[in-house]
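# Examination of the molecular architecture
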Amino acid sequence: MANYTPPKVWTWDAENGGNWAKTNRPIAGATFDAELPVGKHPLQLYSMGTPNGQKVTIMLEELLALGKTDAEYDAHLIKIGDGDQFSSGFVAINPNSKIPALMDHDTGVRVFESGSILLYLAEKFGAFLPADLAHRTEVMNWVFWLQGSAPYLGGGFGHFYAYAPEKFEYPINRFTMEVKRQMDVLDRELAEHKYLGGDTYTIADMLTWPWYGNLVLGNAYDAGEFLDVESYTNLRRWAKEILARPAVQRGRIVNRTGGPLNEQLHERHDASDFDTKTQDKIAAAGE
């Protein structure tokens, strides 16, 4: 690998960045004017079925499964590869131009950052967050752990292993070491507890599963063998148990645009959409 000497002043090369180059830029703000669609429910989610997007739709489906009918929601697809997140409407909800973003028309509150959204929903509906101070604090320890750790997995390991235009040994080794350390952290915790932060299923699990659950089950970056995921037995036990939850099965496919057609529900506006509007059903209806 040739040595790289940084210039005295960095300049943006929009073509240098691999598969996701168009989603990143060194400035904030809207690039075009467009209003966001608004559905029939108070909760309006603007997202895509990436791991960060799955966190919120899993939480919403879990709330509905508890009988929290006020958690009904519309999930609008934001195609980040097309730059939908840079519209004026989206930036008004999330000035950081990242999915997911939530607008609660009951309260007039905008919520962005996935951890903030799950905390907001947990407090609004009184679910999946312990009331006891000690237990709540332990759960929040893992919430903040995830929010600080996942960028090393997605933006670090995932980028250099799967998406970068060229593969280089140093960054792949650097982030592989960190991701395996993180999986070991989780594996050791889950040897002692059924869930993260204790024996109760909480927002810590919902935040973490889309990243590390998918990873340890071999469903991320085609890297299962490379990372030796089968060696993390406690983490795999946890990941499989959460995947088996019906609400997780529903939430993980909302706003998803890749993978098997029966696991793609591009938009969700009603519970019946899972039975009628996945892409396999739409394709069959068009035949």
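Source: prediction; values computed, not measured. (Residues numbered from 1 in each chain as written. Predicted model: local features only at pLDDT ≥ 70, side-chain atom pairs only at ≥ 80, totals over all residues. Heavy atoms only, no water.)

### Notes on the overall build of the protein chain
- Scanning the protein chain from terminus to terminus reveals 11 helices and 4 strands.
- Taking 2.2 N^0.38 as the reference for a compact globule, 287 residues should give roughly 19 Å; the C-alpha atoms of the protein chain span a radius of gyration of 19 Å, in line with that estimate.
- Across the 287 residues that make up the protein chain, the buried fraction comes to 47%.
- A separation threshold of at least 6 residues defines the contact pool for the protein chain, and within that pool the share at least 24 residues apart is 65%.
- Within the structure as shown, the protein chain displays about 14400 Å² of accessible surface, and the carbon and sulfur contribution to it stands at 52%.
- Within the protein chain, one finds 27 positive and 38 negative side-chain charges whose respective centroids are separated by 2 Å. (Helix = DSSP H or I, 4+ residues; strand = E, 2+ residues; numbered from the N terminus. Rg over C-alpha atoms; globule rule 2.2 N^0.38 Å. Buried < 20%, exposed > 50% of the residue type's maximum accessible area, 1.4 Å probe, protein only. Contact = heavy atoms within 4.5 Å. Areas by Shrake-Rupley, 256 points an atom, 1.4 Å probe, with all protein chains shown as cover. Lys, Arg positive; Asp, Glu negative; His and termini not counted. Charge placed at Lys NZ, Arg CZ, Asp CG, Glu CD.)

### Brief notes about the UniProt feature "domain: GST C-terminal" (unreviewed entry) in the protein chain
- In the numbering used here, UniProt assigns the "domain: GST C-terminal" (unreviewed entry) feature to residues 135–261.
- Along residues 135–261 the backbone is 69% helical and 0% strand, and the end-to-end C-alpha distance reaches 40 Å. (UniProt positions renumbered as here; feature names shortened; annotations may be inferred.)

### Focus: the nonpolar core
- Grouped together as the largest cluster of nonpolar side chains are 66 residues, with contacts concentrated most on Leu 121 and Ile 203.
- Breaking this core down by element, the ones donating at least two residues are strand S1 (43–47), helix H1 (51–65), strand S2 (73–77), helix H3 (114–125), helix H4 (133–163), helix H5 (169–192), helix H6 (203–216) and helix H8 (233–243).
- When residues of this core are assigned to their parent elements, the largest contribution, 10 residues, is made by H4.
- Once residues lying within four places of it in the same chain are set aside, the contact partners of Ile 203 are Met 59, Leu 118, Leu 119, Ala 122, Phe 128, Leu 129, Val 139, Met 140 and Val 143.
- By size, the runner-up hydrophobic cluster in this structure holds 11 residues, among which are Met 48, Leu 77, Ile 99 and Ala 101. (Core = buried A, V, L, I, M, F, W, Y, C linked by side-chain atoms within 4.5 Å.)

### Here's the deal with the UniProt feature "domain: GST N-terminal" (unreviewed entry) in the protein chain
- UniProt's feature table lists "domain: GST N-terminal" (unreviewed entry) at residues 44–129, given in the numbering used throughout.
- Along residues 44–129 the backbone is 38% helical and 20% strand, and the end-to-end C-alpha distance reaches 22 Å.

### Topic: the sheet that holds S2
- Strand order across the open sheet formed by 4 strands is S2-S1-S3-S4, with mixed pairing between neighbours. In this open sheet, the two edge strands, each paired with only one partner strand, are S2 and strand S4 (109–112). Ignoring which end each strand starts from, the neighbouring axes of this sheet average 15° apart.
- Pairing of strand S3 (residues 101–104) with S4, which is carried by 4 bridges, proceeds in the antiparallel orientation. When the sheet's bridge partners are listed, Asp 104 is paired in S4 with Val 109.
- Along the sheet, H1 makes contact with S1 and S2, crossing S1 at roughly 150°.
- H3 rests against S1, S3 and S4 of the sheet, and its axis sits at about 135° to S4. (Pairing = 2+ DSSP bridges. Axes fitted to C-alpha atoms, helices over the stretch in contact; angles between N-to-C directions.)

### Details of the packing of aromatic side chains
- A full pass over the atoms with the stated rule returns 11 aromatic pairs.
- Judged by centre distance (5.9 Å) and plane angle (85°), the rings of Phe 128 and Tyr 201 are edge-to-face. Placement of Phe 128 in the loop between H3 and H4 and of Tyr 201 in the loop between H5 and H6 is noted, with a sequence separation of 73 residues between them.
- Seen in terms of ring centroids, Tyr 195 and Tyr 201 are 5.6 Å apart; in terms of plane orientation they differ by 55°. Their pairing is tilted.
- Owing to a relative accessible area of 7%, Tyr 201 belongs among the buried residues under this scheme. (Phe/Tyr/Trp six-rings, centres within 6.5 Å; stacked < 30°, edge-to-face > 60°.)

### Side note on the packing of H1 against H6
- Running from N to C, H1 and H6 point in directions that differ by 140°, and their axes come no closer than 9 Å. Taken together, the axes of H1 and H6 lie oblique to each other. The chirality of how H1 crosses H6 is right-handed. Seen from H1, the contacting residues are Pro 51, Asn 52, Gln 54, Lys 55, Ile 58, Met 59 and Glu 62; seen from H6, they are Ile 203, Met 206, Leu 207, Trp 209, Pro 210, Trp 211 and Asn 214.
- Residue classes in the contact of H1 with H6 are distributed as 9 nonpolar, 3 polar and 2 charged. (Parallel < 35°, antiparallel > 145°, perpendicular 65-115°, else oblique. Left-handed = near helix turned anticlockwise from the far one by under 90°. Nonpolar A, V, L, I, M, F, W, Y, C, P; charged D, E, K, R; others polar.)

### Details of the environment of Val 143
- On the secondary structure map, Val 143 appears in helix H4.
- Taking the relative accessible area as the measure of exposure, Val 143 reaches 4% and is therefore buried.
- Note: C-alpha distance between Val 143 and Asn 214 (71 residues apart in sequence) is 17 Å.
- Apart from the residues within four sequence positions on either side, Val 143 is in contact with Ile 203, Ala 204 and Leu 207.

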